[in-house]
Amino acid sequence: MPFGTTLRELLELAGGVLSGRRLRAVLLGGAAGSFTTPEDLDLPLTFEDTRAAGTTLGSGVVVAIDEQVDIGSLLMVIAAFMRDESCGQCVPCRVGTVRQEEALARLVCGRTRGTVQDELALIAEIGEAMRDASICGLGQTASSAIESAIGRLGIFSGGAPA
């Protein structure tokens, strides 16, 4: 697709979501990307426009998610992928990806240490440390999808997985 194609046009060309289902979110840029909402469907897919919208084209992956997808489980897959892909060379990523996955697992299963807000604050703190101190792009983006699901989709607002 040429740059400037909107997210809506791309999804329509791909066939959209299954009949009778509602689009809930789109993950742009793959596991190191971020989520958008159905309100973002007219977003032109360019580096400049996605950056201005607070998201990224990343690797070019576009995943359409309907209301039947368990986003908590999807985030666990992403967290496990980031943990597995960490080379272990730097502490922020080596430890951060493990701790991120552990905090996310507690949220998903509803067995938090402290409150949901405590766990969300921990995930944000881990993400900040990985972004600021990791040697490579993997560590710097390992929390992107998870933090965008929390912030944009409100996945754990109210204390339950969305």
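The residue count restarts for each chain, going from 1 along the sequence in the order it is written. Totals for whole chains, interfaces and linings use every residue, but because this is a predicted model, local features are given only for residues with pLDDT of at least 70 and side-chain atom pairs only at 80 or more, for both listing and counting. Excluded from the side-chain calculation are hydrogens and water; included are all heavy atoms of the structure.

Engineer: Looking at this model, I keep getting lost on the pattern of salt bridges. Mind explaining?
Structural biologist: Basic side-chain nitrogens of Lys or Arg form a salt bridge, by our definition, when they fall within 4 Å of a carboxyl oxygen of Asp or Glu. Per the stated rule, a full pass over the model turns up eight salt bridges. Asp-40 is paired through a salt bridge with Arg-152; the nearest N and O atoms lie 3.8 Å apart. On the criterion of sequence distance, the pair formed by Asp-40 in the loop between β2 (34-36) and α2 (47-52) and Arg-152 in helix α7 (residues 144-152) is long-range, its members being 112 residues apart. Exposed residues in this analysis have more than 50% of their type's maximum accessible area, buried residues have under 20%, and partly exposed residues fall in between, with area computed by a 1.4 Å probe over protein chains only. For Arg-152, a relative accessible area of 30% gives the class partly exposed. In this structure, the salt-bridge partner of Asp-84 is Arg-83, at a minimum N-O distance of 2.6 Å. The way it works is that DSSP assigns letters per residue, a run of H or I at least four long becomes a helix, a run of E at least two long becomes a strand, and they are numbered from the N terminus.

Engineer: Hey, could you run me through the nonpolar core in this one?
Structural biologist: Across soluble globular proteins, nonpolar side chains have a tendency to be buried as a group. Membership of the largest hydrophobic core comes to 20 residues, with the highest contact counts inside it found for Phe-35, Leu-75, Ile-146, Ile-150, Ile-155 and Phe-156. If you list the elements that add at least two residues to this core, you get β1 (23-28), α3 (71-85), α4 (91-109), α5 (116-133) and α7. We call a set of buried Ala, Val, Leu, Ile, Met, Phe, Trp, Tyr and Cys residues a nonpolar core when their side-chain atoms join them within 4.5 Å. Residues Leu-23, Leu-41, Leu-43 and Leu-45 belong to the second largest nonpolar core, which totals 10 residues.

Engineer: Got a minute to help me understand the packing of aromatic side chains in this structure?
Structural biologist: Each aromatic ring pair is described using two quantities: the centre-to-centre distance and the angle formed by the ring planes. Ring pairs are drawn from Phe, Tyr and Trp, using the six-membered ring of Trp, whenever the two centres fall within 6.5 Å, and their geometry is named by plane angle: stacked under 30 degrees, edge-to-face over 60, tilted for the rest. Here the structure, examined in full by the defined rule, presents one aromatic pair. Plain terms: the ring middles of Phe-3 and Phe-47 are 5.2 Å apart, the flat faces sit at 45° to each other, and that makes the pair tilted. Separated by 44 residues along the polypeptide, Phe-3 in the segment before α1 (7-13) and Phe-47 in helix α2 bring together distant segments of the chain. Its relative accessible area of 46% is what places Phe-47 among the partly exposed residues.

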